[in-house]
Every structure is written in C-alpha cells, then in structure tokens.
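# Observations on the three-dimensional arrangement
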Amino acid sequence: MSPIIPSTLLRRTGTAALALTLALTSGCKDFLEVAPQAQLSEDAIRTDPTAAQKLVDGVYNVMYLGGFGPDVHGLQYIILTDIASDDADKGSTPTDYADAIGVDNFTLTSTNGTINNSWNGYFQAISRANQALDKIPLSPAPEATKNRLLGEVRFLRGYFYFNLVRLFGGVPKLDRVPATSEINSPEFQKRATAADIYQFIVSDLQFAVDNLPLKGATQTGRATKAAAQGMLAKVYLYQKNYQKAYELTNEIITGKSGAYALYPNYADIWRTPGANSSESVFEVQTGVNASCNNSAVELYVVCQGPRSGGKGGWADLGFGFNTPTTALVNAYEPNDLRKAGSIIFINPTAPAGQRSTGTVLWDGFRVPSQDSVQGSRYSYKAYHSRTKEPNCGNNDFLPKNIRVLRYAEVLLINAEAALQIGNASTAATNLNLVRARAGLAPIAAPTLQQIWQERRVELALEHDRFFDLVRQESVQPGRIVPIFAAQGKTFTKGKNELFPIPQAQIDLSGGQLTQNPGY
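Residues numbered from 1 in each chain as written. Predicted model: local features only at pLDDT ≥ 70, side-chain atom pairs only at ≥ 80, totals over all residues. Heavy atoms only, no water.

Let us look at the overall build of the protein. Along its length, the protein carries 20 helices and 8 strands. Its C-alpha radius of gyration of 22 Å places the protein within 12% of the 24 Å reference for a compact globule of 519 residues. Residues counted as buried form 61% of the 519 residues belonging to the protein. Total accessible area on the protein stands at roughly 18,500 Å², and carbon and sulfur atoms take up 53% of it. Measuring between centres, the 48 positive side-chain charges of the protein sit 2 Å from its 46 negative side-chain charges. (Helix = DSSP H or I, 4+ residues; strand = E, 2+ residues; numbered from the N terminus. Rg over C-alpha atoms; globule rule 2.2 N^0.38 Å. Buried < 20%, exposed > 50% of the residue type's maximum accessible area, 1.4 Å probe, protein only. Areas by Shrake-Rupley, 256 points an atom, 1.4 Å probe, with all protein chains shown as cover. Lys, Arg positive; Asp, Glu negative; His and termini not counted. Charge placed at Lys NZ, Arg CZ, Asp CG, Glu CD.)

Okay, here's the thing in structure tokens:
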C-alpha cells in the first residue's frame, strides 16, 4: 500500500512536507499486499471499523522500500550498517557504486546518494506512521482495538526513529502530521537533539509495550508486546540504562510476554522453516503476490548474491555486495557452527588437470570455483533459494523475511545488562545458552568484551555491527579506531560515529538543518 508522494513535492519542500501528504491507499486481503487499489477516505475511516487496520498495514508495507531510491531495509540500509562496519566490505567489482565506496572507506561527503536515499526512506516511513496515528482515533472500532493499532504504529515509528538517530544523531522530530501553515515552521525543519529523539522513541515504545498483545494473540508478523519490550530494551542499552534493559528482557526470558526459544538449527533461521519461528521476536514479513513486484524488500537478496567474475560462464545470483571480511571470518572460534551458517565460502580453483567441485549451497545450487566468481565470500543469511523457497521469478523482489529482532539478541542484551548491574551469574547463563547452540563450551565468568564478541558472531551480517561498534566505543573508549585501522581504514573520532546530514535536505530546509561535525 505505497503512499502517493509526488516527486515535485519532494523537490520543492523538505522533511516536513512528507508528513503533510495524506495519500493512504486502501488495503488488499492482508498486509503483505501493497499494490494500491484506491484512496482511503476519511469517511471510510469514520464508518468502517476495518479501515483503521488498513492504515496500519500501510505502515508495515513501507518497510519494503529499497532498491536505488528511498530506502528502509534495502541496499542503502545494508551499506550504512554492514558495509560501514568491520564485518563486511563493499564487494561487487572494485569500482562499482561510488556512494558505497565512500561509506566503506569513510570518505563520503554530504552529497552521498546513499545517505539521502536512507533519509528519504525513513522520513517517508515516519510520515506514513503519523498519517495513521492521525486518523486511527476517528475509527468506530472498540477502544481496545484502536489502542492496539496505535501501539503497532508507535512501535514502528519508534523503530524508524531508532535507526535514524543511530545513523544521523539528532533529526527533525515529526510527532504529528503538520498543518499546512506549519510546513515551514522551524519546529519541523530543524534538528531535535539526539537526547530528545531518544526520549521520543522511549515514549513510543513504552506505549507499544502497554498496548500490544502477546505472541499468538495477534496475526503472525505484527508487532507484539515482546517485540516492543525487546526493542525498548535495546534502546535502553544505547542509553546505558542497564537496569531497564535487564528488566524488559527478563520479562521475555521468563515467559511473561509469550513463548520464545532459540531455534535449534542456526543456519535454518534464515530459510523458510526459520521464518516466524520460536526465535522470531520481530521480522519484516514478505511473500508472493499476484503482481510479483512489491511484497518483499527490493534488491535485498539479489544485491548480496554471489557475482560472476573472472572466467564467468554461469548465471550468477546477484550483484555481489556486502562481502564478509577476513576479520569476521577470524572472529569465530574453532568449531563455531555459526560460521558456516553465516558465510558462503567460494571454493578455490582446482589445480590444473583436476575437476573443480565449486561451492554447493544448501539447496543444491552450484557456484563455480573462484576463477569464475568475483568475490571469495558472501552472506549466507541473505541467500534465498530460487528452487526450494517460495518466489515468483522476480529476483529483485525475492521474499526473504528480514529478522529485525531475535530471541538470541534478547538473551545477549540481558547478559550485557546483567553484567553491568553486577549480576554476573545471569550474564553467564544467558550468554552460554547462545554459545551452546553454536556448539561452543560455556564461559564461567564472561567479561564485557566476551559478551560483545558473542554479539558480533551471533548477529553477524544482520545490520547491527556498525551501530554496536559506536555504542561500545562510548562505553570503553579506544577500541574503534584500531579496529578499522587494522583494515586500512581511517575512522575519525568525533566525526565518523554519525553519517552526514544529506546536503539535499539542508538545502530543502533553507539552511535550517545543521550539519554533523567534520562534514
């Protein structure tokens, strides 16, 4: 249910204009179907109890934004989270996609297209959330139903702002749909402080905690109480409010927020059997619809697929971006089952006179040996089988759910928070639950660095590592510069913790948006 936002409007006006656009489309049979069918009028919202649900569905569907335009979870998101980190290099061919090169090497400027696409994508998402929040109260649905719907949208808005504040720091706080007279108001054009944005996020997520149902009491894929608790706990981890992070995750771990458990087979988490499994706390839902072009995140899978190179001669699987680094490979302990479940290793070319077996993936697809492949490693977590998993033949929209929050991360947030508040035994217990699934021995008295290391290998290539490095540097200064220096990259403290505010957005604001330090 894509919003209709005229390109002329986006060219003439800035962030606040997005919040003015009320062009929500009515829904299809479920919230995976995003093809617009009709305008959803205010009269319909006031008279049809199901119309408010369609407003909410439209907010979920904005998470499909990707490709080379406005982006929430697509290639631009991957660049700013994984490729920006020490877990992945840009990949593809050496000169492909200059904007990604700039992010990978910390040489980007404020005119970088990736940051502008991400800014636009997230503010489109926030705009749609605000539009829904503005109209849901008009619904004739029961108050409990309306509060649940408001809770879903405020969870999503809190999540969108959480990503924005980690990417850019303070950003404009759009807490409502502005009136026409407010469109140029400094309130909506200027940046709020990062502290103000975090306070706003906490407010949204706490409302969601208080109003969302437990897992199993709502449609699969919708935000739940545990999803809100887990996301809020993660926010508190960034704010160093370890007691709150511990209490919220403990509610989930003790079963008070529904039944969650580690999925037995780590590698299967990112395959069809692992979608919405016992481990899933929140994930972006995807599927196959009649139009075959809008029920998945555009380019998410194909942009990370193994790419033909060298001798070529095969129908490759993608563009080859987001290639795991040697540093990530070396981060795994011997016999860690997660390494094989996270990384596709391209086998070397056989010596002359011998037949190369190539690399055979879990579904039987054979990738040729190294002399026919551009890179040597790719993300297994992003692979979607064209033969053994649902799809409709459009490789740009392969329906892989994106695992935003897993129970394993809940355990690791709890372990870190527990250690920080002096509860070392609980920290060890929950850390070792994660390690046991990976086939690793327990750690009797884990250190903070060991918990951080476990986060790295457990959540590798899941779009959190760059944020984690910045957060951890604020806890124990002195780590981040040498980590990147070891990869030949210069991370400048006081600058590279955040990305630049897009110059296009500064211009649209008439200079009311200010730039981040160092850019």
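That shown, we press on.
Now for the packing of aromatic side chains. Tallied over the entire structure, the rule returns 20 aromatic pairs. Judged by centre distance (5.0 Å) and plane angle (45°), the rings of Trp119 and Phe123 are tilted. Of the two residues, Trp119 and Phe123 are both situated in helix H7 (residues 113-135); the distance of 4 residues between them amounts to about one turn of the helix. Where Phe484 meets Phe491, the ring centres are 5.6 Å apart and the plane angle is 10°; that geometry is what we call stacked. Judged by relative accessible area, Phe484 falls into the buried class, the value being 0%. A relative accessible area of 3% means that Phe491 is categorised as buried. (Phe/Tyr/Trp six-rings, centres within 6.5 Å; stacked < 30°, edge-to-face > 60°.)

As a further point, take helix H4 (residues 51-61). Burial of H4 is extensive: 10 of the 11 residues sit out of reach of the surface. Listed in full, the buried residues belonging to H4 are Ala51, Ala52, Gln53, Leu55, Val56, Asp57, Gly58, Val59, Tyr60 and Asn61. Those residues of H4 hidden inside the fold are in contact with helix H3 (42-47), H7, helix H8 (143-168) and strand E2 (280-284). (Contact = heavy atoms within 4.5 Å.)

What follows is about unusual backbone geometry. The phi angle at Tyr97 is positive, at roughly 65°, despite the residue not being glycine. The backbone of Leu461 sits at a positive phi, close to 65°, despite the residue not being glycine. Considering the arrangement of structural elements, one finds Leu461 in the loop between helix H17 (448-458) and helix H18 (465-475).

The next point concerns the packing of helix H15 (residues 407-420) against H17. A packed helix pair is summarised by two numbers, namely the angle formed by the two axes and the spacing between the axes. Interhelical geometry of H15 versus H17 gives an angle of 170° and a closest axis separation of 10 Å. Judged on the interaxial angle alone, H17 and H15 are roughly antiparallel. As for how H15 packs across H17, the hand of that crossing is left-handed. Here Ala408, Glu409, Leu412, Ile413, Ala415, Glu416, Leu419 and Gln420 of H15 lie close against H17, whose contacting residues are Leu448, Ile451, Trp452, Glu454, Arg455 and Glu458. Of the residues contributing to the contact of H15 with H17, the split by class is 8 nonpolar, 1 polar and 5 charged. (Axes fitted to C-alpha atoms, helices over the stretch in contact; angles between N-to-C directions. Parallel < 35°, antiparallel > 145°, perpendicular 65-115°, else oblique. Left-handed = near helix turned anticlockwise from the far one by under 90°. Nonpolar A, V, L, I, M, F, W, Y, C, P; charged D, E, K, R; others polar.)

Moving on: the pattern of salt bridges. With the rule as written, the count across this model stands at 42 salt bridges. A salt bridge links Arg222 to Asp57; its shortest N-O distance comes to 2.9 Å. Separated by 165 residues along the polypeptide, Arg222 in the loop between helix H10 (194-211) and helix H11 (225-238) and Asp57 in helix H4 bring together distant segments of the chain. Across the pair, Asp57 and Arg222 agree in class, each one buried. Arg338 is paired through a salt bridge with Glu454; the nearest N and O atoms lie 2.5 Å apart. One end of the pair, Arg338, is in helix H14 (residues 337-342); the other, Glu454, is in helix H17, and 116 residues separate them in sequence. (Salt bridge = Lys/Arg side-chain N within 4 Å of Asp/Glu carboxyl O.)

With that settled, the discussion passes to the packing of H15 against helix H16 (residues 424-437). For the pair H15 and H16, interaxial distance at closest approach is 7 Å and the crossing angle is 150°. In terms of orientation, H15 and H16 fall into the roughly antiparallel class. For the crossing formed where H15 meets H16, the hand is left-handed. Contact with H15, carried on its side by Ala408, Leu411, Leu412, Asn414, Ala415, Ala418 and Leu419, involves Ala424, Thr426, Ala427, Asn430, Leu431, Leu433, Val434 and Arg437 of H16 and no other residues of that element. Taken together, the residues of the contact of H15 with H16 break down into 11 nonpolar, 3 polar and 1 charged.

The next point concerns H7. In a regular helix each residue adds 1.5 Å, so 23 residues correspond to 33 Å; H7 covers 33 Å between its end C-alpha atoms and thus fits that length. A large share of H7 lies buried, amounting to 22 of its 23 residues. The distance from a side-chain oxygen at the start of H7 to the backbone nitrogen of Thr114 is 2.8 Å, and the residue carrying that oxygen is Asn112. (Expected span 1.5 Å × (residues − 1). Polar contact = N/O pair within 3.5 Å; in protein donor to acceptor, adjacent residues only side chain to side chain.)

Attention shifts here to the nonpolar core. Among the nonpolar cores identified, the biggest contains 117 residues, and Phe155, Phe160, Tyr161, Phe282 and Phe499 are the most heavily contacted of them. The leading source of residues in this core is H8, at 13 residues. If near-sequence neighbours (up to four positions away) are discounted, Phe499 is found in contact with Leu80, Ala84, Val103, Leu108, Ile115, Leu167, Phe168, Phe466, Asn516 and Tyr519. Core analysis: the second largest hydrophobic core is formed by 10 residues, Ile344, Val367, Tyr378 and Tyr380 among them. (Core = buried A, V, L, I, M, F, W, Y, C linked by side-chain atoms within 4.5 Å.)

What the rule picks out here adds up to 1 disulfide. The disulfide that involves Cys292 links it to Cys392, with 1.9 Å between the sulfurs. Classification of the bridge connecting Cys292 and Cys392 rests on its S-S torsion, roughly 105°, and on that basis the disulfide is right-handed. Here Cys292, found in the loop between E2 and strand E3 (321-324), pairs with Cys392, found in the loop between strand E7 (377-379) and strand E8 (402-406); they are 100 residues apart in sequence, far enough to count as distant. Judged by its relative accessible area of 34%, Cys392 falls in the partly exposed class. Of all cysteine sulfurs in the structure, the one in Cys392 sits closest to Cys303, which takes part in no disulfide; the separation is 17 Å. (Disulfide = S-S within 2.5 Å.)

Turning our eyes to something else, we now look at the environment of Thr114. Along the polypeptide, Thr114 turns up in helix H7. Put simply, Thr114 and Ser257 are 143 residues apart on the chain and 37 Å apart in space, counted from C-alpha to C-alpha. Those residues in contact with Thr114 that lie beyond four places of it in its chain are Gln76, Ile79, Leu80, Tyr97 and Asp99. Side chain to side chain, Thr114 and Gln76 meet in a polar contact 3.1 Å long.

Geometry only, nothing functional implied.
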